[in-house]
Amino acid sequence: MHKLFEFIRSVYVAVLFIVLELVAVSYYARSTYYTEARLLTRSNQLIGGVHTLFAGVRHYFSLGHENRLLAERLARLEERLAQYEEASTDERLAGYLQDIGESKYRFSTACVVANTVNRAENLITLDRGRIDSIVPEMGVLSPDGAMVGYVVDCSDRYAVAMSVLNTSFRASGRIVGSDYYGSIYWDGRDQNVVTLGDVSKYADPQPGQEVVTTGFSQYFPADVLIGWVESAELNETRTAYTVRVRLAAEISRLNEVILVENRDLYEIRDLQQSDQIEQHTRPE
Amino acid sequence: MYRILSYVGLLVVTVLLQVFLFDNLAISIYLNPLVYIAFIALLPLDTPPVALLGAGLSLGVIMDYAMGTAGINTIATLLIAFLRPTLVNLLYGHDNAREGGIPSAARMGNRTFVHYLLLLTLLHHTVFFLLEALSWSRLPLTVLRILLSTALSTLLIWIIARIFNTKLPSRV
């Protein structure tokens, strides 16, 4: 009796098992990717939040790796940026020369590689030299066209210019609106101010008046801006004004410069020193 | 009552472990441990076959729902739930099984227990991975998956069994 009962029970379980398996298999057989996707979508409504949480935790472990990747990418982009900046610098430098055109002056550009403003003899080092056809006595202008200095010596690849902030620097300046001129020099005190000395006592300089170069200068074309009159005073003998001129070029913040060569400079100088002139001026 | 509660706990823990840990591990395509069957493996030895079937059905449906597999888990889990009494009788003896208690290395002997887990897992994994692949064309790969995953699952289930049994001292 007991064995019969046991037999019936085991058969009953087996039948139940077979029925359940058949249901499961038929469900699986009729399932498609869509069924599975729908199933997963529905279950994700329930457990998706927890998945997100775990994903967030997992994310922390990959931060180091991501950081490294980002740093590498940053380095690559920095490199490309540097290339673009170089290219745009060249373009900007070329842009300075665009509206200048052909004249007796030849223009060129350079970048400042070293610059001092705190000495009595301040010099500017430029990254162009003889192979870039830079020659001594070229004028140096700031990008907006204000006077900066002139080249005193060149190597093959570099040039050194004497800045206007150099007590040895000499140029001639003219007050716009009048024909009075004087000589420009630096007294070595204020890096924003130069002196225009020996201006005629009739000039009557007013603060704010522009001071530009004269055409007599060997280094600079005429009418290059030097600065603006800040104050003026007559000297003790009341024969000439000494004018303080605020510089237009900010020498201490100079990054790029324009170089000006007077093509005729040497020709004129040769001419001036020619034998014929000497013969004519030689005292008989 | 205490027993039921601890088994509910086991069910929840194994399902959560499976869904949130082992399904996301992605160690290798050949190592896909399915540890949730620890719940079936650790039901008391004297559980009535109907109750086993019911447990297998519930577990299979839950896992199908969570893993988005339309029926594979249910088919495989129902099979091991149905065959478990036979397996226990074969390995452990009919009379010993009727005494009841949680399957454990201490109760069944380490060797028998490991064999029991290994066979149960192998059975389950064979059905599961064959149905998942549903093709004979990559049979060697599927067999490799079955064998490697079975080895890993058995190890993990053995660890779960150790923990479960320490939590529940031999009084049941």
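Residues numbered from 1 in each chain as written. Chains lettered and ligands numbered in written order. Predicted model: local features only at pLDDT ≥ 70, side-chain atom pairs only at ≥ 80, totals over all residues.

## Observations concerning the interface of chain A and chain B
Each partner contributes residues to the interface: chain A has 18 residues there, and chain B has 18 residues. Those elements giving two or more residues to the side of chain A that touches chain B turn out to be α1 (2-30) and α2 (33-61) of chain A. Residue contributions to the side of chain A that touches chain B peak at 9 residues, all from α1 of chain A. Broken down by class, the residue content of the side of chain A that touches chain B amounts to 13 nonpolar, 3 polar and 2 charged. (Contact = placed C-beta atoms within 7 Å. Helix = DSSP H or I, 4+ residues; strand = E, 2+ residues; numbered from the N terminus. Nonpolar A, V, L, I, M, F, W, Y, C, P; charged D, E, K, R; others polar.)

## Some words on the sheet that holds strand β11 (residues 240-247) of chain A
All names here are of chain A. The strand order β6-β7-β8-β11-β10-β9 describes a closed barrel built from 6 strands, whose pairing is antiparallel. The mean inter-strand angle of the sheet, taken between neighbouring strand axes irrespective of direction, is 40°. The pairing of strand β6 (residues 171-175) with strand β9 (residues 210-213) spans 3 bridges and is classified as antiparallel. Across the sheet, residue arginine 174 finds its bridge partner in β9, namely valine 212. (Pairing = 2+ DSSP bridges. Axes fitted to C-alpha atoms, helices over the stretch in contact; angles between N-to-C directions.)

## Here we look at the environment of isoleucine 131 of chain A
Residues and elements named next belong to chain A. Note that isoleucine 131 resides in the loop between β2 (121-126) and β3 (139-141). Among the residues examined, isoleucine 131 registers 10 C-beta atoms within 10 Å and is labelled exposed. Along the primary structure isoleucine 131 and aspartate 156 are separated by 25 residues, whereas in three dimensions their C-alpha atoms are 5.5 Å apart. Look past the residues within four positions of isoleucine 131 in its chain and what remains in contact with it is Asp156 and Arg157. (Buried ≥ 20, exposed ≤ 12 C-beta atoms within 10 Å, placed from the backbone.)

## Topic: the nonpolar core
The biggest cluster of nonpolar side chains holds 51 residues, and the ones touching the most others in it are Ile37, Ala38 and Leu78 of chain B. Elements with a contribution of two residues or more to this core: α1 of chain A together with α1 (2-25), α2 (38-41), α3 (49-67), α4 (72-92), α7 (110-133) and α8 (139-167) of chain B. Here this core takes 10 residues from α4 of chain B, the largest share from any one element. Excluding residues within four positions of it along the chain, alanine 38 of chain B makes contact with Thr14, Ile157, Ile160 and Ala161 of chain B. Among the nonpolar cores identified, the runner-up in size contains 46 residues, and Tyr150, Ala159, Val194 and Tyr241 of chain A belong to it. (Core = buried A, V, L, I, M, F, W, Y, C linked by C-beta atoms within 7 Å.)

## Some words on unusual backbone geometry
All names here are of chain A. The backbone of serine 133 sits at a positive phi, close to 50°, despite the residue not being glycine. Tracing the sequence through the fold places serine 133 in the loop between β2 and β3. Among the residues examined, serine 133 registers 13 C-beta atoms within 10 Å and is labelled partly exposed. A positive phi is found at aspartate 204, a non-glycine position, where the angle reads about 50°. Residue placement: aspartate 204 occurs in the loop between β8 (193-200) and β9.

## Concerning the packing of α3 of chain B against α4 of chain B
Residue and element names in this part refer to chain B. Close contact between α3 and α4 brings their axes to 7 Å; oriented N to C, the two are set at 160°. As far as their axial angle goes, α4 and α3 are roughly antiparallel. Crossing of α3 against α4: the hand is right-handed. Between α3 and α4, the residues in contact are Pro49, Leu52, Leu53, Ala55, Gly56, Leu57, Leu59, Gly60, Val61, Met63, Asp64 and Met67 and Ile72, Asn73, Thr74, Thr77, Leu78, Ile80, Ala81, Phe82, Arg84 and Pro85, respectively. (Parallel < 35°, antiparallel > 145°, perpendicular 65-115°, else oblique. Left-handed = near helix turned anticlockwise from the far one by under 90°.)

## A word on the sheet that holds strand β4 (residues 147-154) of chain A
Residues and elements named next belong to chain A. The antiparallel closed barrel is built from 6 strands, whose spatial order is β1-β2-β5-β4-β3-β12. Pairwise comparison of adjacent strand axes, ignoring direction, gives a mean angle of 45° for this sheet. Where strand β1 (residues 105-115) meets strand β12 (residues 256-262), 7 bridges bridge the pair, whose relative direction is antiparallel. Residue pairing in the sheet places arginine 106 in a bridge with glutamate 261 of β12.

## Here we look at the packing of α4 of chain B against α7 of chain B
Residues and elements named next belong to chain B. One can describe the packing of α4 onto α7 by two numbers: an axis separation of 9 Å at closest approach and a directional angle of 155°. Judged by the inter-axis angle, α4 sits roughly antiparallel to α7. Seen from above, α4 lies across α7 with right-handed handedness. Contacts between α4 and α7 involve Ile72, Ile75, Ala76, Thr77, Leu79, Ile80, Leu83, Arg84, Leu87, Val88, Leu91 and Tyr92 on the former and, on the latter, Thr112, His115, Tyr116, Leu119, Leu120, Leu123, His124, Val127, Phe128, Leu131 and Glu132. A class-by-class count of the residues in the contact of α4 with α7 yields 17 nonpolar, 4 polar and 2 charged.

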